[in-house]
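# Summary of structural features
Single-letter residue listing:
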Amino acid sequence: MAFLRQIVVTLVVLVAALGVWMMLSPLPGRLILSSGMPLPEQAKALIARISPEETEKAGATRAPQGGSTAQLVVVDPASPAVARDRLRALGTGEAIRSVAIRPDAGGIVAGIGFGSGDEVREGTTLAVLQNDAERVAVDRAKLALAAAEEQLKRYRSLAAGSAVTSVQLDDVARARDAAALDLQTAEIALRKRDVVAPISGRVGLLDLDIGDLVDSTTQIAVVDDRTTLKILFNVPEAYASQLALGQPVAVEPTTRTGRSFEGRLSALDSRINEASRTLRAEAVVDNGEDLLRPGMSFSVSMEFPGQNYVSVDPLSIQWERAGPYVWTVASDKALKKPVSIIERNVDRVLVASDTLKAGDSVVREGLQQLRDGLPVRVREPVQAPVPADATDAPAPIPSAAADPANGRRAELAR
């Protein structure tokens, strides 16, 4: 009796396992219904009902009535794309003119004519060095010049009466000219004791005091003319041929986003940097409001007409010895088309090709066994199911004609 009970329990476990298998996979239900076993119609309907829908995977093949093998693929249309239509670079601002001022001679600072951050005009005296010796030299040169002038007048009077020779008169005239040159030399030395601004602009912080000893290497001040700013940036080699002087440029401070300043391309370097493969460029931006400062970093952007390409799904790109290619579908057949990769983005790849056009159906799944001219079947995109509460009207019961899955189950039940 115990042995019989064990047999019954084993059969029940096997039937339950078979039922779970049929609910998880369509394979056992299809085998039972196609085996021709004498089962009641109720059992066939039950097996067809609990068996899941049999789906096809991309890459699977099926032999149609004609006898040829058609492979299932998933396609994605090639879409038009524009590349290199905008340039973004990081630039550094510089004053349109900037001068670091140093004295021509050494000495002690006797006076300072500016303060930190002052705006100065061209010719403004910024500092004065002690110049007592230079003033004395100028006065001595003036006296020597006056004496030479008087001697020249006397010799000219004597030359009129033939009292002196013309040679003597020429010697006195040369002495007068030498005295005049000595006066000019003394005046130049005196002017060098005054440090003046060569351009108009704004000076930085004052780091100088009266009594400081300076020489020709001491920086008195830096004058920046920042009414216009130069923005220096590097342009990738691919954009070099599209640049032209006067081209509009938009710059935006990296630390003060939200406002853009318009400028123009003012200068281009004469050659490409071999190390970075970039071209040095310069743009000028009006700074009449004095909002920008030399040394600031800027985000530089420029717009170009761009180049037209075709974008495809990254999964579509295949490789062979000749280079990359993609598979397309035309007239239910696979066609190989070579491409050249131009740019890779996050979700698309821009390619150039003489045969691939925008709108072509490019295969992205089921690529493993494709070859030229192979018949293929395109799987339609799966639509998301409509929620039950999307409408107040009750959902109709699907029929075999409306639901292909129910139709296959009905055929299996028959």
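What counts, and at which threshold
Residues numbered from 1 in each chain as written. Predicted model: local features only at pLDDT ≥ 70, side-chain atom pairs only at ≥ 80, totals over all residues. Heavy atoms only, no water. Patch = residues over 30% accessible without salt bridge, like charges linked within 9 Å, V, L, I, M, F, W, Y side chains within 5 Å. Areas by Shrake-Rupley, 256 points an atom, 1.4 Å probe, with all protein chains shown as cover. Salt bridge = Lys/Arg side-chain N within 4 Å of Asp/Glu carboxyl O. Buried < 20%, exposed > 50% of the residue type's maximum accessible area, 1.4 Å probe, protein only. Helix = DSSP H or I, 4+ residues; strand = E, 2+ residues; numbered from the N terminus. Core = buried A, V, L, I, M, F, W, Y, C linked by side-chain atoms within 4.5 Å. Contact = heavy atoms within 4.5 Å. Pairing = 2+ DSSP bridges. pLDDT = per-residue confidence, 0-100. Expected span 1.5 Å × (residues − 1). Axes fitted to C-alpha atoms, helices over the stretch in contact; angles between N-to-C directions. Parallel < 35°, antiparallel > 145°, perpendicular 65-115°, else oblique. Left-handed = near helix turned anticlockwise from the far one by under 90°.

### What about a nonpolar patch on the surface?
- A cluster of nonpolar side chains, Phe-3, Ile-7, Leu-11 and Leu-14, forms an exposed patch at the surface whose accessible area comes to about 420 Å².
- Among the residues examined, Phe-3 registers a relative accessible area of 61% and is labelled exposed.

### Things to note about the pattern of salt bridges
- In total, this model carries 15 salt bridges according to the counting rule given.
- With a shortest N-O distance of 3.3 Å, Arg-202 and Glu-119 are connected by a salt bridge. Taken together, the positions of Arg-202 in strand 9 (residues 201–203) and Glu-119 in strand 6 (residues 119–120) put the pair 83 residues apart, joining distant regions of the chain.
- Residue Glu-119 is classed as exposed on the basis of its relative accessible area, which comes to 54%.
- Two residues, Asp-290 and Arg-293, come together in a salt bridge whose shortest N-O distance is 3.3 Å.
- Through salt bridges with shared partners, a single ionic network connects Glu-149, Arg-176 and Asp-177.

### Considering the nonpolar core
- If you look at the biggest cluster of nonpolar residues, it comprises 22 residues, and the most contacted ones within it are Phe-233, Val-251 and Met-302.
- At the level of secondary structure, the elements contributing two or more residues to this core comprise strand 4 (86–101), strand 11 (221–236), strand 12 (248–253), strand 13 (261–268), strand 14 (278–286) and strand 15 (297–303).
- Apart from the residues within four sequence positions on either side, Val-251 is in contact with Ile-231, Arg-259, Ser-260, Phe-261, Val-285, Phe-298, Ser-299 and Val-300.
- Formed by 16 residues, the second largest nonpolar core is a distinct cluster that contains Leu-126, Ala-127, Ile-220 and Val-223.

### Some details on the sheet that holds strand 7 (residues 125–129)
- Pairing in this open sheet of 4 strands is antiparallel, and the strands run 8-7-5-10 from one edge to the other. In this open sheet, the two edge strands, each paired with only one partner strand, are strand 8 (194–196) and strand 10 (213–214).
- Summarising the sheet, strand 5 (residues 107–112) and strand 7 pair through 3 bridges and their orientation is antiparallel. Residue pairing in the sheet places Val-109 in a bridge with Leu-129 of strand 7.

### Concerning the pairing of strand 14
- The element strand 14 is largely enclosed, with a buried count of 7 among its 9 residues.
- Both strand 11 and strand 14 contribute to a ladder of 9 bridges, which runs antiparallel. Opposite Pro-236, over in strand 14, you have Thr-278 as the bridge partner.
- The pairing of strand 13 with strand 14 spans 5 bridges and is antiparallel. Of the residues in strand 14, the one forming a bridge with Leu-268 is Ala-281.

### Things to note about unusual backbone geometry
- With a phi angle near 60°, Asp-290 is a residue other than glycine that sits in the positive phi range.
- Along the chain, Asp-290 turns up in the loop between strand 14 and strand 15.
- Taking relative accessible area as the criterion, Asp-290 reaches 26% and is therefore assigned partly exposed.
- Phi is positive for Asp-332, which is not a glycine, with a value near 60°.

### Let's talk about the confidence of the model for the protein chain
- Of the residues in the protein chain, 86% have a pLDDT of 70 or more, and the chain-wide mean is 82.
- Considering each helix and strand of the protein chain separately, the mean pLDDT is smallest for helix 6 (residues 404–413), with a value of 38, and largest for strand 14, with 95.
- In the predicted structure, residues 386–414 sits below a pLDDT of 50 and forms 19 contacts with residues beyond four places in sequence or in another chain.

### Topic: helix 5 (residues 166–191)
- In a regular helix each residue adds 1.5 Å, so 26 residues correspond to 38 Å; helix 5 covers 38 Å between its end C-alpha atoms and thus fits that length.
- Among the residues of helix 5, Leu-169, Val-172, Arg-176, Ala-179, Leu-183, Ala-186 and Leu-190 are the ones counted as buried.
- On the buried face of helix 5, the contacting elements are helix 4 (132–160) and strand 8.

### Structural notes on the packing of helix 4 against helix 5
- In the contact formed by helix 4 and helix 5, the axes pass within 8 Å of each other and the chain directions differ by 165°. Considering their axes alone, helix 4 and helix 5 lie roughly antiparallel with respect to each other. Note on packing geometry: the crossing formed by helix 4 with helix 5 is left-handed.

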